[in-house]
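Single-letter residue listing:
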Amino acid sequence: MAHQFHSTSLREYDIRGILGKTLGAEDADAIGRGFGTLIRRAGGNCVAVGYDGRESSPMLEEALVKGLTATGCNVVRVGLGPTPMLYYAEASMDDVDGGIMITGSHNPPDYNGFKMVFQGGPFFGADIQKLGAMAAAGDWDDKGDTGTSREQPMLDAYIDRITKGADQFAEFRVGWDAGNGAAGPALEQLITKLPGEHHCIYTKVDGTFPNHHPDPTEPENLVDLQKLVADNDLDFGIAFDGDGDRIGAIDGEGRIIWG
C-alpha cells in the first residue's frame, strides 16, 4: 500500500500541511507506518506521541497511532501539552525509542504537522525525505496492528522536572501569555511552583486562537502582553507560540527583547 504525500510539506525540520487540502488522516497513518518501520529496523519498539490544542490534532493522533501500531510498534500516548513535554517523555521513559509531536506550531489554525525525535537524537532533513520515499514505495513493515497503545499523561512529571529547585529562583513579577496554545495548562501548573508574582492571560486551550495569532515573534501578537505588564507594573513578560517551543519576551517597559 503506497502513499503519495502530494502537497504536504516535507520540510527540513518537520512535516506540515493544511487540513483538508494538503494534510489528512491518511498522511498521518503513512507517517506512523514509515516512522514505526524505521524504529523497528533500528532495533526499537516503542514511540511516544503527543499533540497540541488544534482542533485537528486528536484526529491526526488517532491515525498516527494506527500507523505506528500497524508496524508492530508500541505507543505511549502522553496527551495534550507543549512540544518540550513530548521531548521530555521521549528522553525520560526507559521503554521509549522515539517520539512524534502533532503540532501546527506557530501557524494559522488550519495548519498542522509533525515534529519527531529518533532514539534520543534529531530527525530532520534527509530523515524526513526518507519517510516520503518510503510512503511512495509502500516500503513499510506490516505486522497487522500487533503494536500496543497505552495512555500515560506526562504533564505533571514534566512540570515537576522543570521546577526542580524552584525555591532557588529569584522572586520576579512576571506576565505570561499562553496564546490559547498547548502551553496553557502547563503554565497554570508552573506558576504555582515558582516564587514571585505571576499574571497569566489566554491559558485556556483553544485551537481557533481567538485572541491573537500564536506567533510571539511578531510584534502585533505581543500587544496584550505589553498591556498586562504595564497595567500591573511587572518586571517582564513571556509569550508562547501554539506548541510552547518558542517565546517572545518583553522587558518591564514593554520593549521587545529580540533573540
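For the structure, check the block above.
Here the structure is a predicted model, which means the values were calculated and not measured.

1. Digging into the pattern of salt bridges
Turning to step 1, where the next piece is worked out: Tallying each qualifying case throughout the model produces 15 salt bridges.
Turning to step 2, where the next piece is worked out: Across the pair Arg-150 and Asp-95 runs a salt bridge whose closest N-O atoms are separated by 3.1 Å. Here Arg-150 is found in strand β8 (residues 149-151), whereas its partner Asp-95 is found in the loop between α3 (83-92) and β5 (98-102), with 55 residues between them in sequence.
Turning to step 3, where the next piece is worked out: Judged by its relative accessible area of 34%, Arg-150 is partly exposed.
Turning to step 4, where the next piece is worked out: Judged by relative accessible area, Asp-95 falls into the partly exposed class, the value being 33%.
Turning to step 5, where the next piece is worked out: The salt bridge partner of Asp-160 is Lys-193, with a shortest N-O separation of 2.3 Å. Within this pair, whereas Asp-160 is found in helix α5 (residues 155-162), its partner Lys-193 is found in the loop between α6 (183-190) and β10 (197-201), the two being separated by 33 residues in sequence.
Turning to step 6, where the next piece is worked out: Judged by relative accessible area, which is 42%, Asp-160 ranks as partly exposed.

2. Quick word on helix α4 (residues 126-137)
Turning to step 1, where the next piece is worked out: If you check α4, its first and last C-alpha atoms are 16 Å apart, about what 12 residues at 1.5 Å a residue would give, namely 16 Å.
Turning to step 2, where the next piece is worked out: Regarding α4, the residues found buried are Ile-128, Leu-131, Gly-132, Met-134 and Ala-135. Angular distribution of buried residues about the axis of α4 spans 165°; they occupy a single face of the element. Those residues of α4 that are exposed and aimed more than 90 degrees away from the buried face are Ala-126 and Ala-137.
Turning to step 3, where the next piece is worked out: Positive backbone phi, at 65°, marks Gly-138, one or two positions downstream of α4.

3. Brief notes about the sheet that holds β10
Turning to step 1, where the next piece is worked out: Overall, mixed pairing links the 4 strands, which are arranged β10-β9-β11-β12 in an open sheet. Every interior strand has two partners, whereas the edge strands, β10 and β12 (247-251), have only one. Averaged over all pairs of adjacent strands, the angle between strand axes in this sheet comes to 20°, irrespective of strand direction.
Turning to step 2, where the next piece is worked out: Bridge analysis of strand β11 (residues 236-240) against β12 gives 5 bridges, and the strand direction is antiparallel. Bridging across to β12, Ala-239 finds its partner in Gly-248.

4. So, unusual backbone geometry
Turning to step 1, where the next piece is worked out: Positive phi values are uncommon outside glycine, yet Asn-180 reaches one of about 65°.
Turning to step 2, where the next piece is worked out: Following the sequence through the fold, Asn-180 ends up in the loop between β9 (173-177) and α6.
Turning to step 3, where the next piece is worked out: The backbone of Phe-209 shows a phi angle near 50°, a positive value even though the residue is not glycine.
Turning to step 4, where the next piece is worked out: With respect to the secondary-structure elements, Phe-209 resides in the loop between β10 and α7 (223-231).

5. A word on the pairing of strand β4 (residues 74-80)
Turning to step 1, where the next piece is worked out: Sheet topology places strand β3 (residues 46-51) next to β4; 6 bridges connect them, and they run parallel. Residue Val-49 lies in a different strand from β4, and its bridge partner there is Arg-77.
Turning to step 2, where the next piece is worked out: Between β3 and its parallel partner β4, the chain crosses via helix α2 (residues 57-70), and the hand of that crossover is right-handed.
Turning to step 3, where the next piece is worked out: As judged from the 3 bridges shared by β4 and β8, these two strands associate in the parallel manner. Across the sheet, Arg-77 pairs through a bridge with Glu-151, a residue of β8.

6. Here we look at the side chain of Asp-14
Turning to step 1, where the next piece is worked out: Structurally, Asp-14 is set in the loop between β1 (9-10) and β2 (15-18).
Turning to step 2, where the next piece is worked out: Look at Asp-14 and you get buried, because its relative accessible area is 7%.
Turning to step 3, where the next piece is worked out: Of the polar contacts made by the side chain of Asp-14, one reaches the side chain of Arg-16; its length is 2.7 Å.

7. Examining the nonpolar core
Turning to step 1, where the next piece is worked out: If you look at the biggest cluster of nonpolar residues, it comprises 29 residues, and the most contacted ones within it are Phe-35, Val-47, Leu-64, Phe-114, Met-116 and Phe-123.
Turning to step 2, where the next piece is worked out: Elements with a contribution of two residues or more to this core: α1 (25-41), β3, α2, β5, β6 (111-118) and α4.
Turning to step 3, where the next piece is worked out: The biggest single contributor to this core is α1, with 6 residues.
Turning to step 4, where the next piece is worked out: One finds Leu-155, Ile-159, Ala-178 and Leu-187 within the second-largest nonpolar core, a separate group that totals 26 residues.

8. Observations regarding the packing of aromatic side chains
Turning to step 1, where the next piece is worked out: According to the stated counting rule, one finds 6 aromatic pairs in the structure shown.
Turning to step 2, where the next piece is worked out: For the pair Phe-35 and Phe-118, a centre-to-centre distance of 5.8 Å together with 80° between the ring planes defines the contact as edge-to-face. Residue Phe-35 is found in helix α1, and its partner Phe-118 is found in strand β6; the two are separated by 83 residues along the sequence.
Turning to step 3, where the next piece is worked out: Classification of Phe-35 by relative accessible area gives buried; the value is 0%.
Turning to step 4, where the next piece is worked out: Arranged with centres 6.2 Å apart and planes meeting at 5°, the rings of Trp-176 and Phe-240 form a pair that is stacked. With Trp-176 in strand β9 and Phe-240 in strand β11, this pair connects stretches of sequence that are 64 residues apart.
Turning to step 5, where the next piece is worked out: Here a set of aromatic residues connected by ring pairs shows up, and it is made of Phe-35, Phe-118 and Phe-123.

Analysis parameters
Residues numbered from 1 in each chain as written. Predicted model: local features only at pLDDT ≥ 70, side-chain atom pairs only at ≥ 80, totals over all residues. Heavy atoms only, no water. Salt bridge = Lys/Arg side-chain N within 4 Å of Asp/Glu carboxyl O. Helix = DSSP H or I, 4+ residues; strand = E, 2+ residues; numbered from the N terminus. Buried < 20%, exposed > 50% of the residue type's maximum accessible area, 1.4 Å probe, protein only. Expected span 1.5 Å × (residues − 1). Arc of directions from axis to C-beta. Pairing = 2+ DSSP bridges. Axes fitted to C-alpha atoms, helices over the stretch in contact; angles between N-to-C directions. Right-handed = clockwise from strand over helix to strand, strands pointing away. Polar contact = N/O pair within 3.5 Å; in protein donor to acceptor, adjacent residues only side chain to side chain. Core = buried A, V, L, I, M, F, W, Y, C linked by side-chain atoms within 4.5 Å. Phe/Tyr/Trp six-rings, centres within 6.5 Å; stacked < 30°, edge-to-face > 60°.

This is a description of form; function is not addressed.
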